[in-house]
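Structural overview
Residues per chain are reported as follows:
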Amino acid sequence: MAISLEVRTETIFLHGVDLVKRRVYFTDPVDSGSVEKAVKAIHLLSSLATRPITIWISSPGGDVDAAFHLYDAMQLNKVPIHTVGSGEICSAATLILAAGAVRAATPNAFSMIHDASLSEVNGNHDQVRAQVSAFKRQRDLMFKLLERHSKLTADDWKKKTKAKSEVWLNTDQMYEYGIVDGVLTPQIKRTSAKNQNK
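Residues numbered from 1 in each chain as written. Predicted model: local features only at pLDDT ≥ 70, side-chain atom pairs only at ≥ 80, totals over all residues. Heavy atoms only, no water.

1. Quick notes on the side chain of serine 59
Using the following cut-off: Think of it this way: any DSSP run of H or I at least four residues long counts as a helix, any run of E at least two long counts as a strand, and we number them from the N terminus. Throughout, exposure labels follow a simple rule: accessible area from a 1.4 Å probe, protein chains only, divided by the maximum for the residue type, with under 20% read as buried, over 50% as exposed, and the rest as partly exposed. N or O atoms closer than or at 3.5 Å make up a polar contact, with two conditions inside protein: a donor-capable atom paired with an acceptor-capable one, and, for residues adjacent in sequence, both atoms drawn from side chains. Whether two residues touch is decided by their heavy atoms; if any such pair falls within 4.5 Å, the residues are in contact.
Take serine 59: it is sitting in strand S3 (residues 53-59). A relative accessible area of 0% means that serine 59 is categorised as buried. From its side chain, serine 59 meets the backbone oxygen of aspartate 28 in a polar contact 2.8 Å long. For serine 59, the residues in contact, after removing those within four places along its chain, are Phe26, Asp28, Pro29, Val30, Glu88, Ile89, Cys90 and Ala93.

Shown next as structure tokens:
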């Protein structure tokens, strides 16, 4: 299917989707709106061809429940989903990065994982207990899924985030922990001094 430059440019800048290179650009906080756009983009690209889709991620993180939505869409999709982390990939966004069939990071990317905090609890005693219980299940699921897509167990992740409220990882550590499979290297074309003088 031929895609005009105008259509391609519009979908990239308005919707964060490159129909030609089959890329989804996820650069917003993780919430219901940004995840809905990403899931729709995955379904659209999957309907057009069977070549892998790449999600480029640079996000400060956000809603873990929304991240679970995107995670399930990636895992259930018949077309392989690759992920690339660039810039900051924090909190819930780290799970999205780790969930790719093939995962990579750009050289200066960094990731952050933390033990999520329960910011607001409302209601009577029973309602508060229910909210705390739901929060703990949500946190445990996050670490369980990270265990599935990294070299650390869920208990390892819990211990690291309890020892430090925020665990910051550079690309070497992301690779060491198994969050990514490799680091992208720039393809620099070097011109010899002899050729420069011509």
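2. So, the confidence of the model for the protein chain
As a reminder of what qualifies: Confidence scores here are pLDDT values: one per residue, from the predictor, ranging 0 to 100.
When the pLDDT values of the protein chain are averaged, the result is 87; 82% of them are 70 or greater. Counting interchain partners and residues more than four positions distant, the pLDDT-below-50 stretch residues 190-198 has one contact.

3. Description of helix H2 (residues 32-48)
Operational definition: Residue count minus one, scaled by 1.5 Å, sets the expected span of a helix. Each C-beta atom gives one direction from the helix axis, and the arc is the one those directions make.
For H2, which comprises 17 residues, the first-to-last C-alpha distance of 25 Å matches the rise-based estimate of 24 Å (1.5 Å per residue) to within 8%. Looking at H2, one finds that the buried residues are Ser34, Val35, Ala38, Val39, Ala41, Ile42, Leu45 and Ser46. Looking down the long axis of H2, one finds its buried residues gathered within 160° of arc, a one-sided arrangement. Opposite its buried face, H2 presents the exposed residues Ser32, Lys40 and Ser47, each directed more than 90 degrees away. The secondary structure elements touched by the buried residues of H2 are strand S1 (17-18), strand S2 (23-26), S3, helix H3 (64-76) and strand S4 (81-90). Backbone nitrogen of glycine 33 and a side-chain oxygen of the N-cap are separated by 3.1 Å at the start of H2; the cap is aspartate 31.

4. Some words on the packing of H2 against H3
Condition: Interaxial angle, 0 to 180 degrees, is taken between N-to-C directions of lines fitted to C-alpha atoms, where a helix line uses only the stretch in contact. Our angle categories are set so that under 35 degrees counts as roughly parallel, over 145 as roughly antiparallel, 65 to 115 as roughly perpendicular, and the remainder as oblique. Residues are grouped as follows: nonpolar covers Ala, Val, Leu, Ile, Met, Phe, Trp, Tyr, Cys and Pro; charged covers Asp, Glu, Lys and Arg; every other residue, Gly included, is treated as polar.
Where H2 meets H3, the axes come as close as 9 Å, and the angle between the chain directions of the two elements is 10°. Judged on the interaxial angle alone, H3 and H2 are roughly parallel. Of the residues in H3, those touching H2 at Ser32, Val35, Ala38, Val39 and Ile42 are Ala66, His69, Leu70, Ala73 and Met74. Its residues assigned to classes, the contact of H2 with H3 comprises eight nonpolar, two polar and no charged.

5. Regarding helix H6 (residues 154-163)
Along H6, the residues that are buried comprise Ala154, Trp157 and Thr161. The buried residues of H6 occupy an angular sector of 60° when projected down its axis, which confines them to one face. Opposite the packed face of H6, turned more than 90 degrees from it, sit the exposed residues Lys159, Lys162 and Ala163.

6. Overview of the packing of aromatic side chains
The condition is simple: Aromatic contacts are taken between Phe, Tyr and Trp rings whose centres are within 6.5 Å, Trp giving its six-membered ring; a plane angle under 30 degrees counts as stacked, one over 60 as edge-to-face, and the others as tilted. Should the NZ of a Lys or the CZ of an Arg lie within 6 Å of a ring centre and within 35 degrees of the ring normal, that charge is described as sitting over the ring.
Under the definition given, this model contains two aromatic pairs. Their ring planes at 45° and their centres at 5.7 Å tell us that phenylalanine 110 and tryptophan 168 sit as a pair that is tilted. With phenylalanine 110 in strand S6 (residues 110-114) and tryptophan 168 in strand S7 (residues 166-169), this pair connects stretches of sequence that are 58 residues apart. Taking the relative accessible area as the measure of exposure, tryptophan 168 reaches 45% and is therefore partly exposed. Between the aromatic rings of tryptophan 157 and tyrosine 177, the centroid separation amounts to 5.9 Å while the plane-to-plane angle is 85°, which identifies the pairing as edge-to-face. Of the two residues, tryptophan 157 sits in helix H6 while tyrosine 177 sits in the loop between helix H7 (171-176) and strand S8 (182-183), which places them 20 residues apart along the sequence. Each member of the pair, tryptophan 157 as well as tyrosine 177, is classed as buried. The ring of tyrosine 175 is capped by lysine 151, whose NZ or CZ atom sits 5.4 Å from the centre of that ring.

7. Examining unusual backbone geometry
A positive phi is found at arginine 22, a non-glycine position, where the angle reads about 55°. You can call arginine 22 buried: its relative accessible area is 1%. The backbone of serine 91 shows a phi angle near 55°, a positive value even though the residue is not glycine. Counting through the fold element by element, serine 91 comes out in the loop between S4 and helix H4 (92-98). Overall, serine 91 belongs to the buried group, its relative accessible area being 9%.

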